[in-house]
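# Commentary on secondary and tertiary structure
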Amino acid sequence: MSSVMYDLIVIGTGPGGYEAIMTALRMKLNIAVIEKDKLGGNCLNRACIPTKYYRAGAHFLEKSSKADNYGIDLQIKDVSFSKAKEGKDRAIGFLRKSFAQLLKAKKVPVYKGKGTVIDKNRVKVLKEDGSEEVIEGKYILIATGSVPSSVGGIVPDGEYILTTEDFMEDLQQLPENLVVIGGGVAGCEIAYISALYGAKVTVIEIKDRLLPIPSVPQEVSKLLQRKFKKHGIDFKLGVYVKEYKIENGKVRFILSDGTEISADKALLSVGRKPNTSDIDTVGLEKDERGFLKVNEYLQTSIENIYACGDVVNSPMLAHVASYEARIAIKNMFSEKKERVDYSVLPWAIFTAFEIAHVGLSEDEAKEKGYETVSGYYPFTYNEKAVDELESDGFVRLVFDKKTEQILGGTVVGIEASELIHIVAYALKNKMTATQIHEFIYFHPSLSEIFLFATYDVAVGKLF
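Notes on the structure in this doc start here. From a predicted model like this one, the values you see are computed outputs, not experimental measurements. (Residues numbered from 1 in each chain as written. Predicted model: local features only at pLDDT ≥ 70, side-chain atom pairs only at ≥ 80, totals over all residues. Heavy atoms only, no water.)

### Quick word on the nonpolar core
It is characteristic of soluble globular proteins that their nonpolar side chains tend to be buried jointly. In plain terms, the rule: Only buried residues count toward a nonpolar core, which is a set of Ala, Val, Leu, Ile, Met, Phe, Trp, Tyr and Cys residues joined through side-chain atoms within 4.5 Å. With a 1.4 Å probe rolled over the protein chains alone, any residue whose accessible area is under 20% of its type maximum counts as buried; one over 50% counts as exposed, and the rest are partly exposed. Helix and strand assignments follow DSSP, with helices taken as H or I runs no shorter than four residues and strands as E runs no shorter than two, numbered in order from the N terminus. Two residues form a contact once any of their heavy atoms are found within 4.5 Å.
F167, Y197, V201, V203, L224, F228 and I355 are the most contacted members of the largest nonpolar core, which has 40 residues in total. Broken down by element, the residue count for this core peaks at 7 residues, all from helix α6 (residues 185-196). Excluding anything up to four places from it in sequence, F228 contacts C188, A191, Y192, V203, L210, I233, F235, T351 and A352. Among the nonpolar cores identified, the runner-up in size contains 28 residues, and A356, Y377, L397 and F450 belong to it.

This is the structure:
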């Protein structure tokens, strides 16, 4: 056993672990890190970052088809997913190496192996060679993330049935035909990427629309479904996989409506579950789905052990894990404690459109008893979007009709993932439609769409 008593032991180096490390180092704490796989965790290596890399390539391909509008005769001779993978691996390798160099420069010990909490101050590290080492710390942060879920007896095998992690980290060649099981966030992102890189894609979704998420308005799903059809992406809604068989190098699916589909590979994208299996032997309390139970300060059932990210029952988003890590570290080492607050939580989806949202949708607001009024404006008439040949999409802002205070907003289209922060800022500061409207926006800019989206509420209707 190590003779050092660390101030903090961080288990996991994904977004939560990374943010905890950065915060702790700035506080001059003596820390140790445990990671069983690659530095950066799932987000850097198998999820957020590779997805955005591939999506950037897919969107470039889509945009290149419009090059003649700029007087550019652009002829693409070849589209190679395997070369894209090489580029993705270089980009992620650079980020991972930078992380490792920082840890080395700050003399942070990284214990390679699986960490298990064996008492309130000790963590056992099971290394790849089977040896064990025990380290001690005053505080412990569990940030081990999540793993893919399965459904309906469909078992990922890494060859014919892929998880999102298999696709993002290991897939060398894109199949000619791909079935995507699950039309949620990851399913729609990978469907778009695969179609633009040349695969024939079919999405199977048990609900009646793509992105069947409460905070995603119906109008967004309809717009995405139209765009999918334009790209030749087939989708079957309201059905599920009844049975499947692998034979003659193909995967054959029989759906609940009797339809049969064959593909070279299938992607199973039906959500994720907390990675808390064997995380401790001290009886940390968990809920029925395996999430670690934490209080509003992110303490587990043992007061000096905290948790953040996908292991706790909060939105499974990388930036949520980072936020929670900052709160957890502050609560460990500061006199003044801070509660987590998820009231202003922007998120974005990168599929055939960028789709971003924060706060309440119109339906959610009405369910909470608000009488609402909304402001809408399409990118069709935004000059900057027109210049960029990116005029699909819109902004919709939801306001309390009585006070005109903003309740939430959705952005669909060009740079939605950036523009949503304007809505988030307005929401956090309880701004009204008039306050948003009276701000002076640069022209031409994408941001001035908020000027026009607030006209009807702040000034009056034109028609």
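Next comes the rest of the write-up.
### What about the sheet that holds strand β22 (residues 406-413)?
Heads up, the rule is: The rule for pairing is simple: two strands pair if DSSP sees at least two bridges between them. Here an angle of 0 to 180 degrees is reported between the N-to-C directions of two axes, which are lines fitted to C-alpha atoms, with helices fitted over the stretch in contact.
One open sheet holds the 5 strands; their spatial order is β18-β19-β22-β21-β20, and the pairing between them is antiparallel. The open sheet has two edge strands, β18 (347-350) and β20 (372-378), and neither has a second partner. For this sheet the average axis-to-axis angle between neighbouring strands, irrespective of direction, equals 10 degrees. Bridge count between β20 and strand β21 (residues 393-400): 7 bridges; the pairing is antiparallel. Looking at β21, one finds that Y376 is bridged to R396.

### So, the packing of helix α3 (residues 48-64) against α6
Packed helix pairs are specified by the crossing angle of their axes together with the interaxial distance, meaning the distance between the axes. Heads up, the condition is: Should an angle lie under 35 degrees it is considered roughly parallel, over 145 roughly antiparallel, and from 65 to 115 roughly perpendicular; all remaining angles are considered oblique. Here a crossing is taken to be left-handed if its near helix is turned anticlockwise relative to the far helix by less than a right angle, and right-handed if that turn runs clockwise. The residue classification treats Ala, Val, Leu, Ile, Met, Phe, Trp, Tyr, Cys and Pro as nonpolar and Asp, Glu, Lys and Arg as charged. All others, Gly included, are polar.
For the pair α3 and α6, the least separation of the axes is 9 Å and the interaxial angle reads 45 degrees. With respect to α6, the axis of α3 lies oblique. As α3 packs across α6, the resulting crossing turns out to be left-handed. Between α3 and α6, the residues in contact are T51, K52, Y54, R55, A58, H59, L61 and E62 and E189, Y192, I193 and L196, respectively. Residue composition of the contact of α3 with α6, grouped by class: 6 nonpolar, 2 polar and 4 charged.

### Some remarks on the pattern of salt bridges
Keep this limit in mind: The salt bridge criterion pairs a side-chain nitrogen of Lys or Arg with a carboxyl oxygen of Asp or Glu, the two atoms within 4 Å.
Summed over all chains, the structure comprises 25 salt bridges. Linking E132 and K124 is a salt bridge whose minimum nitrogen-to-oxygen distance equals 3.9 Å.

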